[in-house]
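# Descriptive structure summary
Now for the letters of each chain:
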Amino acid sequence: MPYTHEQETEFERLFSVRRRRQMFLAASLFPLVIAAAMLRSSGRQELFGIRASMWGPGFLLLIVGRSSSHSATGGVRPATAIWAGG
């Protein structure tokens, strides 16, 4: 059974929301990757005042926090929440 025009429009909207969220997460993780590379190459125990042993758990908390904050709505937030940064 083919999808209606409204369903296809909604699929496209959901895809763009999901893609925007993925790009935001990738952009927010990029500085962490750079910081980890700097920490490893310098041989120091701290970078930006944060101990090396805290970067891994902090990274995991960021991933879990970003992915679980959308699970209550099935991964979809209202457009107003997206623009408000919620």
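A brief structural summary. Bear in mind that the values here come from a model prediction, so they are computed numbers and not experimental data. (Residues numbered from 1 in each chain as written. Predicted model: local features only at pLDDT ≥ 70, side-chain atom pairs only at ≥ 80, totals over all residues. Heavy atoms only, no water.)

### Considering the overall build of the protein
Helices and strands together make up the secondary structure of the protein, namely 3 helices and 2 strands. For the protein, the α and β elements follow one another from N to C terminus as α-β-β-α-α. For the protein, the residues scored as buried account for 12% of the 86 residues in total. In the protein, of all internal contacts separated by at least 6 residues, the share reaching a separation of at least 24 is 49%. Just so you have it, the protein exposes about 6,700 Å², and 68% of that area is on carbon and sulfur atoms. (Helix = DSSP H or I, 4+ residues; strand = E, 2+ residues; numbered from the N terminus. Buried < 20%, exposed > 50% of the residue type's maximum accessible area, 1.4 Å probe, protein only. Contact = heavy atoms within 4.5 Å. Areas by Shrake-Rupley, 256 points an atom, 1.4 Å probe, with all protein chains shown as cover.)

### Focus: the packing of aromatic side chains
This model, assessed by the stated rule, comprises 1 aromatic pair. Here Tyr 3 and Phe 11 contribute two aromatic rings whose centre-to-centre distance is 4.9 Å and whose plane-to-plane angle is 85 degrees, an arrangement assigned as edge-to-face. Residue Phe 11 is classed as partly exposed on the basis of its relative accessible area of 41%. (Phe/Tyr/Trp six-rings, centres within 6.5 Å; stacked < 30°, edge-to-face > 60°.)

### Some remarks on the environment of Leu 29
Here Leu 29 shows up in helix H1 (residues 5-42). In this view, Leu 29 contacts Phe 59, Leu 62 and Ile 63; residues no more than four positions away in its chain are not counted.

### Notes on the pattern of salt bridges
When the charged atoms of two side chains lie near each other, side chains of opposite charge can form a pair. A full pass over the atoms with the stated rule returns 1 salt bridge. For Glu 10, the salt bridge is made with Arg 13, and the minimal N-O distance between the two is 2.7 Å. One end of the pair, Glu 10, and the other, Arg 13, are both in helix H1, 3 residues apart, so they sit about a helical turn from each other. When its relative accessible area of 33% is taken as the criterion, Arg 13 is described as partly exposed. (Salt bridge = Lys/Arg side-chain N within 4 Å of Asp/Glu carboxyl O.)

### Some remarks on a nonpolar patch on the surface
Taken together, the side chains of Phe 30, Ile 34, Met 38 and Phe 48 make up a nonpolar region of the molecular surface, amounting to roughly 450 Å² of accessible area. Its location among the elements puts Met 38 in helix H1. (Patch = residues over 30% accessible without salt bridge, like charges linked within 9 Å, V, L, I, M, F, W, Y side chains within 5 Å.)

### Thoughts on H1
For the α-helix, the turn length of 3.6 residues means that residues three or four positions removed from each other point alike. If you check H1, its first and last C-alpha atoms are 56 Å apart, about what 38 residues at 1.5 Å a residue would give, namely 56 Å. If you check which residues of H1 are buried, you get Val 17, Arg 21, Leu 29, Ala 35 and Leu 39. Two residues or fewer past H1, Gly 43 is found with a positive phi of approximately 75 degrees. (Expected span 1.5 Å × (residues − 1).)

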